[in-house]
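A structural walkthrough
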Amino acid sequence: MTDTIIIGGGSGMGLALARTLLAEGMDVTIVGRSADRLATARAELERPGHGKVGTVEADMGREEDVAELFARVERVEHVVVTAADATGVYGRTADVDTATARTVVDTKLLGAWLVGKHAAGRVTGSITYTSGINAYRPNGSNTIMAAANGALASLAYGLAIELAPVRVNVISPGWVDTPIWDQLGMDKQAAFAELAERLPARRVGTPEDIAQAFFSVMRNGFITGTVLHVDGGHRIT
Ligand SMILES: NC(=O)c1ccc[n+]([C@@H]2O[C@H](COP(=O)([O-])OP(=O)(O)OC[C@H]3O[C@@H](n4cnc5c(N)ncnc54)[C@H](OP(=O)(O)O)[C@@H]3O)[C@@H](O)[C@H]2O)c1
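Residues numbered from 1 in each chain as written. Predicted model: local features only at pLDDT ≥ 70, side-chain atom pairs only at ≥ 80, totals over all residues. Heavy atoms only, no water.

1. Digging into the overall build of the protein
Along the protein, the regular secondary structure elements total seven helices and seven strands. Traced from its N-terminal end to its C-terminal end, the protein shows the element sequence β-α-β-α-β-α-β-α-β-α-β-α-α-β. Against the 2.2 N^0.38 benchmark of 18 Å for 237 residues, the protein shows a C-alpha radius of gyration of 17 Å, consistent with a compact globule. For the protein, the C-alpha atoms occupy an extent of roughly 45 × 35 × 35 Å along the three principal directions. In the protein, buried positions account for 49% of the 237 residues. Accessible area of the protein: about 11100 Å², with a carbon and sulfur share of 51%. In the protein, which carries 22 positive and 27 negative side-chain charges, the distance between the mean positions of the two groups comes to 4 Å. (Helix = DSSP H or I, 4+ residues; strand = E, 2+ residues; numbered from the N terminus. Rg over C-alpha atoms; globule rule 2.2 N^0.38 Å. Buried < 20%, exposed > 50% of the residue type's maximum accessible area, 1.4 Å probe, protein only. Areas by Shrake-Rupley, 256 points an atom, 1.4 Å probe, with all protein chains shown as cover. Lys, Arg positive; Asp, Glu negative; His and termini not counted. Charge placed at Lys NZ, Arg CZ, Asp CG, Glu CD.)

2. Regarding the site of the ligand
Surrounding the ligand, one finds 28 residues, the nearest of these being Ser 11, Arg 33, Lys 108, Val 176 and Thr 178. Among the residues forming the shell around the ligand, the class breakdown is 11 nonpolar, 13 polar and four charged. (Near = heavy atom within 4 Å. Nonpolar A, V, L, I, M, F, W, Y, C, P; charged D, E, K, R; others polar.)

3. Side note on the pairing of strand E4 (residues 76–81)
Across the six residues that make up E4, a large majority, five, are buried. Across five bridges, the pairing between strand E1 (residues 2–7) and E4 is parallel. What sits directly across from Ile 5, in E4, is Val 79. Note that E4 and strand E5 (residues 123–130) share four bridges and pair parallel. (Pairing = 2+ DSSP bridges.)

4. Some thoughts on the pattern of salt bridges
In this structure the tally under the stated criterion is 11 salt bridges. As a salt-bridge pair, Arg 33 and Asp 85 come within 3.1 Å of each other at their nearest N and O atoms. Remark: Asp 85 occurs in the loop between E4 and helix H4 (98–119) and Arg 33 occurs in the loop between strand E2 (28–32) and helix H2 (35–45); sequence separation between them is 52 residues. Judged by relative accessible area, which is 26%, Asp 85 ranks as partly exposed. Arg 203 serves as the salt-bridge partner of Asp 209, at 2.7 Å between the closest nitrogen and oxygen. For Asp 209, a relative accessible area of 27% gives the class partly exposed. Here the salt bridges share partners, and the residues they tie into one network are Arg 19, Glu 44 and Glu 208. (Salt bridge = Lys/Arg side-chain N within 4 Å of Asp/Glu carboxyl O.)

5. Some details on the packing of aromatic side chains
Evaluated as defined, the whole model comprises three aromatic pairs. A centroid spacing of 6.4 Å and a plane angle of 55° characterise the contact between Trp 175 and Phe 192, whose relative ring orientation is tilted. Highlighted residues: Trp 175 in the loop between strand E6 (167–173) and helix H6 (188–198) and Phe 192 in helix H6, separated in sequence by 17 residues. Each member of the aromatic cluster is reached from another via a ring pair, and the members are Trp 175, Trp 181 and Phe 192. Between Arg 219 and the ring centre of Phe 215, over which it is positioned, the NZ or CZ distance is 3.7 Å. (Phe/Tyr/Trp six-rings, centres within 6.5 Å; stacked < 30°, edge-to-face > 60°. Lys NZ or Arg CZ within 6 Å of the ring centre and 35° of its normal.)

6. Quick notes on the side chain of Asn 134
You can see Asn 134 is positioned in the loop between E5 and helix H5 (143–162). Given a relative accessible area of 9%, Asn 134 falls into the buried group. Setting aside its immediate chain neighbours within four residues, Asn 134 contacts Tyr 90, Asn 142, Met 145, Ala 146 and Asn 149. (Contact = heavy atoms within 4.5 Å.)

7. Comments concerning the environment of Ala 16
Within the secondary structure, Ala 16 sits in helix H1 (residues 12–23). Judged by its relative accessible area of 2%, Ala 16 is buried. A C-alpha to C-alpha distance of 8.2 Å links Ala 16 and Ile 210, two positions 194 residues apart in sequence. Apart from residues no more than four positions distant in its own chain, Ala 16 is found in contact with Pro 207, Glu 208 and Ala 211.

The following block contains the structure:
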């Protein structure tokens, strides 16, 4: 029995959320593909007096993995999905490998659908997905990720009706300093500094900013079928 499953919880925003929930005394299971990453995260997360940490190695793009994940927990209060792999995704559409684009859709969109499918009947409180600012402010270098992110809103609206009273929402982060940027092969500090000057918040996000947003949406029983933008004002610049 666990209170919350965080798919993608081995790093970045998912890990920050795990830290937050465990400190509240909730039991958390973090899910990802890499056993090493999960073990490192678990060692960091386990603290006396905090909730219990579980780990499950699974690829959310594979139906058998997602089915097995939910079969083994039977009941869970909240599910949060932060998983994404941006390797090879950034570039102009003409230059992005079709296999890479399929992997993005298989993981971010179809994987999210698989979570809805297999969590149904087992999740009791909420499902929260993670999209991103590129769905709302495309920059010509990440179109397939933007499309998958944008589609998550429609998925959440549909599932919020289908799975009610389970609540289904999306958090759409702006730029946040996490390991995902290491996959992009760019000077992230320069990019962050340039963006921070233009953002109303005057800084890029931290994983904790996004963790707090997940936690609010999970706890608020009147939020469902919603995309919450947590982007320092990026969408309105
Ligand atoms: N950081 C940003 O600026 C930003 C901005 C907008 C939106 N987002 C979105 O925010 C979410 C969280 O990203 P993050 O920045 O926290 O990145 P992150 O640190 O790279 O976290 C992503 C996690 O997902 C796991 N993962 C990747 N593919 C998976 C799969 N197929 N099945 C299961 N787990 C998988 C990874 O672990 P394994 O590799 O071990 O599987 C990793 O722990 C993503 O959906 C991302 O698109 C991020």
